[in-house]
Amino acid sequence: MFESEGVAALRSLRGKLLQIPDLRPVYANWTSGLSPHCDELRVFVEEKIDVYVKDEKARLKTKAIDLGWFTSLCYPDAEIEQLKTMALMSMVFFIFDDTIDKEIDHETLDFASDFDAASKLRQDSITYMRYQFAQDLTKPNPSIQPPRVPQEFASFEGFAPRVTAAAAGQVDVGKLGDDFQEFIEANALEQTYRLSGNLPSIEEYWTYRHGVGAVFPYCTMHQYVNNMCLPDGLAWCEEVKVMRLETSAQPLICNDLYSLKKEMKEDTPTNLIPIMVAELGMSLDSVVSELVEQMYSSAKRFDAAATSLRGKGRGYDDSVQDRIDMFIKAFETFQTGCFKFFMNSRRFGVKEYEQEDGSYLIPL
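Overview of the structure. Source: prediction; values computed, not measured.

Rules and cut-offs
Residues numbered from 1 in each chain as written. Predicted model: local features only at pLDDT ≥ 70, side-chain atom pairs only at ≥ 80, totals over all residues. Heavy atoms only, no water. Disulfide = S-S within 2.5 Å. Helix = DSSP H or I, 4+ residues; strand = E, 2+ residues; numbered from the N terminus. Buried < 20%, exposed > 50% of the residue type's maximum accessible area, 1.4 Å probe, protein only. Phe/Tyr/Trp six-rings, centres within 6.5 Å; stacked < 30°, edge-to-face > 60°. Contact = heavy atoms within 4.5 Å. Core = buried A, V, L, I, M, F, W, Y, C linked by side-chain atoms within 4.5 Å. Pairing = 2+ DSSP bridges. Expected span 1.5 Å × (residues − 1). Axes fitted to C-alpha atoms, helices over the stretch in contact; angles between N-to-C directions. Parallel < 35°, antiparallel > 145°, perpendicular 65-115°, else oblique. Left-handed = near helix turned anticlockwise from the far one by under 90°. Salt bridge = Lys/Arg side-chain N within 4 Å of Asp/Glu carboxyl O. Nonpolar A, V, L, I, M, F, W, Y, C, P; charged D, E, K, R; others polar.

**A look at the state of the cysteines**
Disulfide: a covalent bond formed between the sulfur atoms of two cysteine residues.
Point 1. On inspection of all chains with the given rule, the structure shows zero disulfides.
Point 2. Free cysteine: cysteine 237, not disulfide-bonded; nearest cysteine sulfur from cysteine 219 at 13 Å.

**With respect to unusual backbone geometry**
Point 1. A positive phi angle, close to 65°, is found at aspartate 66, a residue other than glycine.
Point 2. Relative to the helices and strands, aspartate 66 is located in the loop between helix H4 (56-65) and helix H5 (67-74).
Point 3. The backbone phi angle of alanine 214 is positive, close to 60°, even though this residue is not glycine.
Point 4. Counting through the fold element by element, alanine 214 comes out in the loop between helix H10 (202-213) and helix H11 (215-220).
Point 5. Among the residues examined, alanine 214 registers a relative accessible area of 4% and is labelled buried.

**Notes on the packing of aromatic side chains**
Point 1. Taken as a whole and judged by the stated rule, the model has 32 aromatic pairs.
Point 2. A centroid spacing of 5.2 Å and a plane angle of 80° characterise the contact between phenylalanine 156 and phenylalanine 180, whose relative ring orientation is edge-to-face. Here phenylalanine 180 lies in helix H9 (residues 173-196) and phenylalanine 156 lies in helix H8 (residues 156-164), a separation of 24 residues in the sequence. Neither residue differs from the other here; phenylalanine 156 and phenylalanine 180 are each classed as buried.

**Notes on the side chain of threonine 247**
Point 1. For threonine 247, the position within the fold is in helix H14 (residues 238-258).
Point 2. For threonine 247, a relative accessible area of 0% puts it in the buried group.
Point 3. In this structure threonine 247 touches Val215, Cys219, Phe302, Phe331, Phe334 and Gln335, once residues within four positions along its chain are discounted.

**Considering the nonpolar core**
Point 1. Membership of the largest hydrophobic core comes to 116 residues, with the highest contact counts inside it found for Tyr75, Phe156, Phe159, Phe180 and Tyr258.
Point 2. Top contributing element to this core by residue count: helix H6 (residues 80-100), with 13 residues.
Point 3. Contact partners of tyrosine 258, with chain neighbours within four places excluded, come to Ile20, Leu23, Phe339, Phe342, Met343, Phe348, Val350 and Tyr360.

**With respect to the pairing of strand E2 (residues 360-363)**
Residues in a regular strand point their side chains to alternate faces of the sheet.
Point 1. With burial as the criterion, only one face of E2 is covered, namely that bearing Tyr360 and Ile362; the residues Leu361 and Pro363 on the opposite face remain uncovered.
Point 2. In this structure, strand E1 (residues 17-20) lies alongside E2, joined through four bridges in antiparallel fashion. Its bridge partner being in E2, leucine 17 is matched across the sheet by proline 363.

**Focus: H6**
Turn by turn, an α-helix covers 3.6 residues, leaving residues three or four places apart pointing in a common direction.
Point 1. Taking 1.5 Å as the rise per residue, H6 with 21 residues should run 30 Å; its terminal C-alpha atoms sit 31 Å apart, in good agreement.
Point 2. For H6, a buried count of 20 out of 21 residues is recorded, marking the element as mostly surrounded by other parts of the structure.

**Some words on the environment of threonine 127**
Point 1. Secondary-structure assignment places threonine 127 in helix H7 (residues 115-133).
Point 2. By relative accessible area, threonine 127 is classed as partly exposed at 38%.
Point 3. Each C-alpha atom of the pair threonine 127 and threonine 270 lies 27 Å from the other, and the pair is 143 residues apart in sequence.

**Re the packing of H6 against H7**
Point 1. The contact between H6 and H7 brings their axes to 11 Å, and the two run at 165°. Put simply, H6 runs roughly antiparallel to H7. Where H6 crosses over H7, the handedness of that crossing is left-handed. Contact with H6, carried on its side by Phe96, Thr99 and Ile100, involves Ala118, Leu121, Arg122 and Ser125 of H7 and no other residues of that element.

**What to know about the environment of arginine 42**
Point 1. Here arginine 42 is to be found in helix H3 (residues 38-52).
Point 2. The spatial distance from the C-alpha of arginine 42 to the C-alpha of lysine 84 is 9.5 Å, given a sequence separation of 42 residues.
Point 3. Those residues within four positions of arginine 42 in sequence are excluded, and the remaining contacts are Asp66, Gly68 and Trp69.

**Topic: the pattern of salt bridges**
Point 1. This structure, assessed with the given rule, holds 20 salt bridges.
Point 2. Where aspartate 178 meets arginine 130, a salt bridge forms, and the shortest distance between an N and an O atom there is 2.8 Å. Placement of aspartate 178 in helix H9 and of arginine 130 in helix H7 is noted, with a sequence separation of 48 residues between them.
Point 3. Residue class for aspartate 178 comes out partly exposed when judged on its relative accessible area of 42%.
Point 4. For aspartate 179, the salt bridge is made with arginine 244, and the minimal N-O distance between the two is 3.5 Å. Separated by 65 residues along the polypeptide, aspartate 179 in helix H9 and arginine 244 in helix H14 bring together distant segments of the chain. Each member of the pair aspartate 179 and arginine 244 is classed as buried.
Point 5. Through salt bridges with shared partners, a single ionic network connects Glu46, Asp50, Arg59 and Lys63.

**Things to note about the packing of H3 against H6**
Point 1. At a minimum axis distance of 10 Å, the contact between H3 and H6 shows a crossing angle of 40°. Overall, the two elements H3 and H6 adopt an arrangement that is oblique. Both H3 and H6 take part in a crossing whose hand is right-handed. Taking contact as the criterion, the partners of Glu40, Leu41, Phe44, Val45, Lys48, Ile49 and Tyr52 in H3 are, on H6, Ile80, Leu83, Lys84, Ala87, Leu88 and Met91.
Point 2. Here the residues of the contact of H3 with H6 are counted per class, giving 10 nonpolar, no polar and three charged.

Encoded structure:
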């Protein structure tokens, strides 16, 4: 059986103990919670999965993610319609990513092992996404034939009309389209490394990781989540750019810590931990310490940017200042929601390794 450099790096960690300290202090100053609409949202998500995911195995796998719960953790204060929209967007990302970023079987051609087929899926998905975002629901044009809908991207059909129908100023559809395209195109770069048998360097890893992590589209939706809009001078200022970057970095690092055992089982070496072990010659414990320190540093940069944004808001009236607080809280709850999801989700399967002090001792 072919064993890539990445798989070999992952397997070198087998038998070791992954010790993750209690990370709750990283998130202690940020808003967290669970939406009271969680049960209703779960029913909605299950129904939509039945509509959009035709393959039975994939359908069961998608339901097991529990996207209704995930969305309710990330946006505990959002109204039900906003939650439904965000859950549909999550379906797009999780289904698409799980189609390509999975264990490679070199005896079976599928999107994970066939780069050309995956490339066509990516291009068809971009074409369909751009078509849907360009639609004016108030002026349908029956003469324009819609592009083919990739089955692996079908749930976008339910998401896009909600976005294009949003109140003026709540969603920058052009920016959101760019975020989606970055996610899809970064998937190609990640797959190139996985199929090549080579590990990316740490620098190369970060060239695609923010894209495949798909956090930026969530950030772009944070005005919509709160059913409001901010002046452009605030919504897209330098402070918000920092908040977007740190809101992406934080869950990505946290994900790589809690998902390592799962990725070792699936032989999917797109994880920062084996990359750092291989490139820097660091021990597993040293890598974990370095990543935890990066999480604390990221949180400080986020808080500094949020404080500066609130300072800018003092030049506006009380209504705008209140909306700034809501806006910032959406970034906070997204990060705390991801953290709770990583710890407790069956997708990662690490809950049983939690210790009384909040740390995790995970045998690899």
